2 protein chains.
Amino acid sequence: MALIVAKFGGTSVASPERIQMVAKRLVAMKEAGNQVVAVVSAMGKTTDELVGLARAISKNPPKREMDRLLSTGEQVSMTLLAMAIEVLGHRSMSFSGRQAGIQTSDEHSKAKIELVHADRIKQALDAGCIPVVAGFQGIDKNGDITTLGRGGSDTTAGIGADVCEIYSDVDGVYTADPRVAPRARKLDAISYEDMLELSSAGSGVLQSRAVEFARKYKVVIHSRSAFSDSEGTYVKEADSSMENAVISGIAHDTSEVKITIRDVPDSTGIAARVFSALANNSVNVDMIIQNISEDGRTDITFTCPEADLENAKEATKAVIDAIGARNYVVDTNIAKVSVVGTGMKSSPGVSAKAFTALADANVNILLISTSPIRLSVVVAADQVELAVRALHTAFGLDSDKVFEETMLSAEELEAKKNKGR
Amino acid sequence: MALIVAKFGGTSVASPERIQMVAKRLVAMKEAGNQVVAVVSAMGKTTDELVGLARAISKNPPKREMDRLLSTGEQVSMTLLAMAIEVLGHRSMSFSGRQAGIQTSDEHSKAKIELVHADRIKQALDAGCIPVVAGFQGIDKNGDITTLGRGGSDTTAGIGADVCEIYSDVDGVYTADPRVAPRARKLDAISYEDMLELSSAGSGVLQSRAVEFARKYKVVIHSRSAFSDSEGTYVKEADSSMENAVISGIAHDTSEVKITIRDVPDSTGIAARVFSALANNSVNVDMIIQNISEDGRTDITFTCPEADLENAKEATKAVIDAIGARNYVVDTNIAKVSVVGTGMKSSPGVSAKAFTALADANVNILLISTSPIRLSVVVAADQVELAVRALHTAFGLDSDKVFEETMLSAEELEAKKNKGR
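Residues numbered from 1 in each chain as written. Chains lettered and ligands numbered in written order. Predicted model: local features only at pLDDT ≥ 70, side-chain atom pairs only at ≥ 80, totals over all residues. Heavy atoms only, no water.

**Notes on the sheet that holds strand 19 (residues 367-371) of chain B**
Residues and elements named next belong to chain B.
Point 1. One open sheet accounts for 4 strands, arranged 13-18-20-19; its pairing is antiparallel. Each edge of the sheet is formed by a strand with only one pairing partner; in this case those strands are strand 13 (249-253) and strand 19. Put simply, the sheet's adjacent strands are angled 20 degrees from each other on average, direction ignored.
Point 2. Of the strand pairs in this sheet, strand 18 (residues 334-340) and strand 20 (residues 374-380) are connected by 7 bridges, and their pairing is antiparallel. Within strand 20, the residue paired with Ala335 across the bridge is Val379.
Point 3. Sheet strands in contact with helix 11 (residues 384-394) are strand 13, strand 18 and strand 20, and its direction is about 10 degrees off that of strand 18. (Pairing = 2+ DSSP bridges. Helix = DSSP H or I, 4+ residues; strand = E, 2+ residues; numbered from the N terminus. Axes fitted to C-alpha atoms, helices over the stretch in contact; angles between N-to-C directions. Contact = heavy atoms within 4.5 Å.)

And the structure:
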């Protein structure tokens, strides 16, 4: 008897009808002899609507209130799913993050799980129930509701799951986003390491913290479509069944912004002061580049999520006066494109090949950063598709088949249309 | 420095704009030197929408899930109100029923408050905050969210409030519902006793449990409009300032149903068995009438809220077999009309006057029940307006002025139009 954690994204529970489909799927897993725990996101666009309500009232709503507001989205979908399971003749109970025993730090909007007291979930499982847990939330030591940072919906660890099925509106992990690179291919399997890099480089299929958890607790992730029964992509320990490609995929991320602090005095400890100030103001800095010093002054450039921009500006302003820099410049029209693959470690020349491909496609590189298994470049936002396609082709990832629009869900097609692509 | 509890109904917080109005009002109270605790309902039609979602999935949703689902409505409005207060430069914090320390019984959908641990609310007040509490909810000993029965939104008791201001879309307590009896008058003040009877007889302005709490803890209630600054109606200990009318008002209630159990063997303990079965199935029985016995068999008729009908039918079916009665008949097209007034105790002839007025108006009386300060009759639903107006006139309550539609809120006018009145 396997213990399966099945996670459902917002589009999979967007309507009562879809919730009923999810319930049927869960009941089928249970009737096949498994223990099943469901974890749900808020229905469809609920979170956006709640954010809209808050913004209509406050430009900068207190995070404690914002967390509580957003947590209601998952609390609605979890109760509806539990009801739908009961209609099918199986027992179910819904659990908020608090009731599921998810204790977190008190950093509202990006809380970290500290402990999982999964007693109630285990009791419910032992009683033959299908527990339904609200994703993305927990409770801090003050008894206040928190929402978790990216990929935070993880009770998987606390209950010792064998498999974590993640249902969304895409049918697996692709070598690139097929909406951007139509020749992208679906991967049958990928290693935790490569998936982690792809996720943190902007691939939206799986969230990096979810992958981290899975790797830590050796839980296999199966990323698959909520709207079909076909197999998706397995994320697991690297093994011989996986393709021997140097590069697993190309990821892109348009959600970051670039900030340059100009004319920074080039003395010891300055960088430490800048990035301590940013960290203290809860800014998740991604890439950092410092130019060569001229006349004892230099520029420091960094990128961070657009969501952290206000905090970043606040911290930067304060630190500029303190260190005697000139000013700062924000560029929001950027995109990060990353080439990811464990094979890079043993295969020199990846950077050269990437830069050549981008140059041939007339893509201008603004920033570069590397890790042993990833190469990232920042380009202008309007060059992102060009860059992804050029790299996808250069590293031999192109499929013979061109990705068909009909594989997209109704929502995606609409979103695509609205973007005018 | 007074401690004011200010409660806001769903229409007062129906939109971000209205929530901002409420925030201004609370800040004004605070700046006038008071301590203020706000208690909010769900925004506008949110509760109905949530019920609609649940019904789309299940005809008979589990009550634990339903409570959790509905509790999110107030959790949304409370966070938005706290945000709006902070925008005005005052500190605020929202508290769910659990966080406000409201411990209840575990009867989902009609839980009763057992204890109020108002420590966090008091701490927030001491810190100069305006706490905002979610109405109608608490937590049971299992850690599950409960919703309270009618009038349950009461933290007033736990924090020792001086005044409880109840804001809604009506501007006070009237001698009858002005939409039914256009000559109804607004009362300046009314005693707890009369208000309690009016509320439990169907007057929707204040909920009877809220009035009970206020009486028990000697808190003055001020029922007033959320959309104007004019004085409403004070509910307090009877005193000489109140009008000396025999009758305070006429209430009506169209939310009850009538069930008759036919051919019940007329032996000792039968009624006890019937009504124990109903109570055990959580049916709130209101009126009970037993006819004169014929041939050792009799009929038992009772009324209960329409919301309890399914439970009532279930319990009735089971008990009919057990006691050997014939069958039961349900009538949902009924209305209860009540004449209320402490003055009745010392003024004989009220019943005679009421029955005469109804007979003159050709209203057929189906059931009668009385208390020392209330006389209730059940009539056919389509005679309810006729009955209310006839009694209002007969007891000298008519105002010279006819109630104008423009006093109704936009929502009420629309509701009226939809009903085709």
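**Considerations on the interface of chain A and chain B**
Point 1. With 41 residues of chain A at the interface, the matching set in chain B holds 41 residues.
Point 2. In total, about 3200 Å² of surface goes out of reach between chain A and chain B, with carbon and sulfur atoms giving 62% of it.
Point 3. When the area that chain A buries against chain B is broken down by residue, the three leading residues are Ile57, Arg68 and Met83 of chain A, summing to 23%.
Point 4. Our count for the contact surface shared by chain A and chain B stands at 2 salt bridges.
Point 5. In this structure, Arg120 of chain B and Asp144 of chain A form a salt bridge, with 3.1 Å as the shortest nitrogen-oxygen distance.
Point 6. At the junction of chain A and chain B, the tally comes to 20 residue pairs in polar contact (both at pLDDT 80 or more).
Point 7. Broken down by secondary-structure element, the contributors of at least two residues to the side of chain A that touches chain B are helix 1 (16-31), helix 2 (46-57), helix 3 (63-87) and strand 3 (92-95) of chain A.
Point 8. With 16 residues, helix 3 of chain A is the largest single contributor of residues to the side of chain A that touches chain B.
Point 9. Residue composition of the side of chain A that touches chain B, grouped by class: 23 nonpolar, 11 polar and 7 charged. (Buried area = accessible area lost by both parts, 1.4 Å probe. Salt bridge = Lys/Arg side-chain N within 4 Å of Asp/Glu carboxyl O. Polar contact = N/O pair within 3.5 Å; in protein donor to acceptor, adjacent residues only side chain to side chain. Nonpolar A, V, L, I, M, F, W, Y, C, P; charged D, E, K, R; others polar.)

**A few points about the relation of the copies chain A and chain B**
Point 1. The transform that puts chain A on chain B rotates by 180 degrees and translates by 0.1 Å along the axis, for an RMSD of 0.1 Å. Such a turn and shift between the copies fits a two-fold axis. By C-alpha distance to the rotation axis, the residue of chain A lying nearest is Thr72 of chain A, at 2.8 Å. (Least-squares fit on C-alpha atoms with pLDDT ≥ 70 in both.)

**Side note on helix 10 (residues 350-360) of chain B**
Residue and element names in this part refer to chain B.
Point 1. Those residues of helix 10 that fall on the buried side of the exposure criterion are Val350, Ala354, Ala357 and Leu358. Mapping the buried residues of helix 10 onto a view down its axis gives an arc of 95 degrees, with all of them on the same face.
Point 2. Phi turns positive one or two residues past the end of helix 10, at Asn362, with a value near 60 degrees. (Buried < 20%, exposed > 50% of the residue type's maximum accessible area, 1.4 Å probe, protein only. Arc of directions from axis to C-beta.)

**With respect to the nonpolar core**
Point 1. Membership of the largest hydrophobic core comes to 38 residues, with the highest contact counts inside it found for Val37, Ile121, Met195, Leu206, Val211, Ile221 and Val235 of chain B.
Point 2. Contributions of two or more residues to this core are made by strand 1 (3-8), strand 2 (35-40), strand 3 (92-95), helix 4 (119-126), strand 9 (163-168), helix 6 (192-200) and helix 7 (208-216) of chain B.
Point 3. If you tally residues by element for this core, the top one is helix 6 of chain B, at 4 residues.
Point 4. Here Ile121 of chain B is in contact with Val37, Phe95, Ala100, Pro131, Val133 and Ile159 of chain B, once residues within four sequence places are set aside.
Point 5. Grouped together as the second largest cluster of nonpolar side chains are 37 residues, Ala118, Leu148, Ile166 and Phe213 of chain A included. (Core = buried A, V, L, I, M, F, W, Y, C linked by side-chain atoms within 4.5 Å.)

**Quick word on the confidence of the model for chain A**
A low pLDDT means the predicted coordinates there should not be read in detail.
All names here are of chain A.
Point 1. For chain A, the average pLDDT comes to 90, and 93% of its residues sit at 70 or higher.
Point 2. The secondary structure element of chain A with the lowest average pLDDT is helix 12 (residues 410-418), at 56, and the one with the highest is strand 3, at 98.
Point 3. Interface confidence for the predicted complex, given as ipTM, is 0.78, next to a pTM of 0.80. (pLDDT = per-residue confidence, 0-100.)

**Details of the packing of aromatic side chains**
Residue and element names in this part refer to chain B.
Point 1. Across all of its chains, the model carries 6 aromatic pairs over all chains by this definition.
Point 2. Here Phe8 and Tyr167 contribute two aromatic rings whose centre-to-centre distance is 4.6 Å and whose plane-to-plane angle is 10 degrees, an arrangement assigned as stacked. Of this pair, Phe8 sits in strand 1 while Tyr167 is found in strand 9, placing the two residues 159 residues apart along the sequence.
Point 3. We classify Tyr167 as buried; its relative accessible area is 1%.
Point 4. Where Phe213 meets Tyr217, the ring centres are 6.0 Å apart and the plane angle is 20 degrees; that geometry is what we call stacked. (Phe/Tyr/Trp six-rings, centres within 6.5 Å; stacked < 30°, edge-to-face > 60°.)

**Brief notes about the packing of helix 3 of chain A against helix 2 (residues 46-57) of chain B**
Point 1. Running from N to C, helix 3 of chain A and helix 2 of chain B point in directions that differ by 25 degrees, and their axes come no closer than 9 Å. One way to sum up the angle between helix 3 of chain A and helix 2 of chain B is to call them roughly parallel. As helix 3 of chain A runs across helix 2 of chain B, the sense of the crossing is right-handed. Contact residues: Val76, Leu80, Met83, Ala84 and Val87 of chain A in helix 3 of chain A; Leu50, Leu53, Ala54 and Ile57 of chain B in helix 2 of chain B.
Point 2. Class assignment of the residues belonging to the contact of helix 3 of chain A with helix 2 of chain B gives a composition of 9 nonpolar, no polar and no charged. (Parallel < 35°, antiparallel > 145°, perpendicular 65-115°, else oblique. Left-handed = near helix turned anticlockwise from the far one by under 90°.)

**Notes on the environment of Ala124 of chain B**
Residue and element names in this part refer to chain B.
Point 1. Residue placement: Ala124 occurs in helix 4.
Point 2. Taking relative accessible area as the criterion, Ala124 reaches 5% and is therefore assigned buried.
Point 3. With 255 residues separating them along the chain, Ala124 and Val379 place their C-alpha atoms 50 Å apart.

**Some remarks on the pairing of strand 6 (residues 130-134) of chain A**
Residue and element names in this part refer to chain A.
Point 1. Summarising burial for strand 6: 5 of the 5 residues are buried, a large majority.
Point 2. Alternating positions in strand 6 separate into two faces, Ile130, Val132 and Ala134 on one and Pro131 and Val133 on the other, with burial throughout.
Point 3. Both strand 3 and strand 6 contribute to a ladder of 4 bridges, which runs parallel. Of the residues in strand 6, the one forming a bridge with Phe95 is Val133.

**Let's talk about the pattern of salt bridges**
Point 1. Evaluated as defined, the whole model comprises 34 salt bridges over all chains.
Point 2. A salt bridge links Glu65 of chain A to Arg64 of chain A, with the shortest nitrogen-to-oxygen separation between them at 2.9 Å.
Point 3. On the basis of relative accessibility, which here comes to 1%, the residue Glu65 of chain A falls in the buried class.
Point 4. Classification of Arg64 of chain A as buried rests on a relative accessible area of 13%.
Point 5. For Asp144 of chain A, the salt bridge identified is with Arg64 of chain A, shortest N-O distance 3.0 Å. Here Arg64 of chain A lies in helix 3 and Asp144 of chain A lies in the loop between strand 7 (137-139) and strand 8 (145-147), a separation of 80 residues in the sequence.
Point 6. For Asp144 of chain A, a relative accessible area of 4% puts it in the buried group.
Point 7. If you follow the salt bridges from partner to partner, you end up with Arg64, Glu65 and Asp144 of chain A together with Arg120 of chain B in one network.

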